[in-house]
Amino acid sequence: MRASHRATFRSVQALLALVCAAAAGGAAAIDFRSVAVEAAILYDAPSAKARKLFLLGRDYPVEVLVSIEGWIKVRDASGELAWVEARNLADKRTVMVRVPRAEVRQSAAETAEILFYAEQDVVFELIEMDGNYARVRHADGATGYVRVTQVWGL
């Protein structure tokens, strides 16, 4: 192998190592955000000229997959993939009830008093994590703890 080919090969190896390291670091942390506007349009490509797929309402949680030039590729609670303009998302963390009826408890324990029930698709603001529970706040101000297995967005 000639010296110029060896240098190119080493450069490619270094670049691949850097890409793999970045991918491994990114895979460790899942990034969730929420819709910041009344209705965000989701597209099949990162362009306002792309085909419009559907709308998501304010505070709907989305998983961030890719971010490029003002656009973010996201996954919604149903698993659909789409692109949304970055300006339509907030760093605010929200979760959505994914079971028919979630129990919201007074503390992070199975034996804690049930304060209220939340129906499927109800959205809460995420306050903090506490083991297998998420402390959440409803738009009406009610707070409590819900099992992480009963919500999506974590």
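Nothing here was measured: the structure is a model prediction, and the numbers come from that model.

Trainee: A description of the overall build of the protein should follow, citing residues and the corresponding values.
Mentor: Across its full length, the protein holds one helix and 14 strands. In the protein, which comprises 154 residues, the proportion classed as buried is 29%. Of the roughly 9,200 Å² of accessible surface on the protein, 53% is carried by carbon and sulfur atoms.

Trainee: Before we move on, could you go through the nonpolar core and cite the residues and values that matter?
Mentor: Counting residues in each nonpolar core, the largest one holds 16 residues, and the members touching the most others are L42, Y60, V74, V84 and L89. Elements with a minimum of two residues in this core: strand 1 (31-35), strand 2 (39-43), strand 4 (61-68), strand 5 (71-75) and strand 6 (81-85). Residues A102, F124, V146 and V151 belong to the second largest nonpolar core, which totals 11 residues.

Trainee: Could you give an account of the confidence of the model for the protein, with specific residues and numbers?
Mentor: Looking at the protein, pLDDT values average 87 and 81% of them are 70 or higher. Taken as a whole, residues 4-27 scores under 50 in pLDDT and shows one contact with residues more than four places along the chain or in a different chain.

Trainee: Help me get a handle on the packing of aromatic side chains, residues and values and all.
Mentor: In total, this model carries three aromatic pairs according to the counting rule given. Aromatic pair F32 and W152: ring centres 5.2 Å apart, planes at 85 degrees, arrangement edge-to-face. Placement of the pair is F32 in strand 1 and W152 in strand 14 (residues 151-152), with a sequence separation of 120 residues. The exposure class assigned to F32 is buried, which follows from its relative accessible area of 5%. Taking relative accessible area as the criterion, W152 reaches 17% and is therefore assigned buried. Taking 5.4 Å as the distance between ring centres and 80 degrees as the angle between the ring planes, the aromatic pair formed by Y43 and W71 counts as edge-to-face. Taken together, the residues Y43 in strand 2 and W71 in strand 5 connect sequence positions 28 residues apart. A residue is classified by how much of its surface remains accessible, and Y43, at 5% relative accessible area, is buried. The exposure class of W71 is buried, given its relative accessible area of 11%.

Trainee: An account of the pairing of strand 5 is needed here, citing residue identities and associated values.
Mentor: Examined bridge by bridge, strand 4 and strand 5 share five bridges and lie antiparallel to one another. Counted as the bridge partner of V64 is V74 from strand 5. Taken together, strand 4 and the strand that follows it, strand 5, pair antiparallel across an intervening segment of two residues, in which E69 is found at a positive phi of about 40 degrees. Summarising the sheet, strand 5 and strand 6 pair through five bridges and their orientation is antiparallel. Note on strand 6: the bridge partner recorded for I72 is V84. Between the antiparallel neighbours strand 5 and strand 6 lie five residues, among them G79 with a positive phi of about 95 degrees.

Trainee: Please give an account of the environment of P61 that cites residues and values.
Mentor: Position of P61 relative to the elements: it lies in strand 4. Exposure remark for P61: the relative accessible area of 0% places this residue in the buried category. Between the C-alpha atoms of P61 and V74, which are 13 residues apart in sequence, the distance is 9.7 Å. The contact partners of P61, leaving out residues within four places of it in the chain, are R33, S34, T94, V95, M96, V123, W152 and G153.

Criteria and thresholds
- Residues numbered from 1 in each chain as written.
- Predicted model: local features only at pLDDT ≥ 70, side-chain atom pairs only at ≥ 80, totals over all residues.
- Heavy atoms only, no water.
- Helix = DSSP H or I, 4+ residues; strand = E, 2+ residues; numbered from the N terminus.
- Buried < 20%, exposed > 50% of the residue type's maximum accessible area, 1.4 Å probe, protein only.
- Areas by Shrake-Rupley, 256 points an atom, 1.4 Å probe, with all protein chains shown as cover.
- Core = buried A, V, L, I, M, F, W, Y, C linked by side-chain atoms within 4.5 Å.
- pLDDT = per-residue confidence, 0-100.
- Contact = heavy atoms within 4.5 Å.
- Phe/Tyr/Trp six-rings, centres within 6.5 Å; stacked < 30°, edge-to-face > 60°.
- Pairing = 2+ DSSP bridges.

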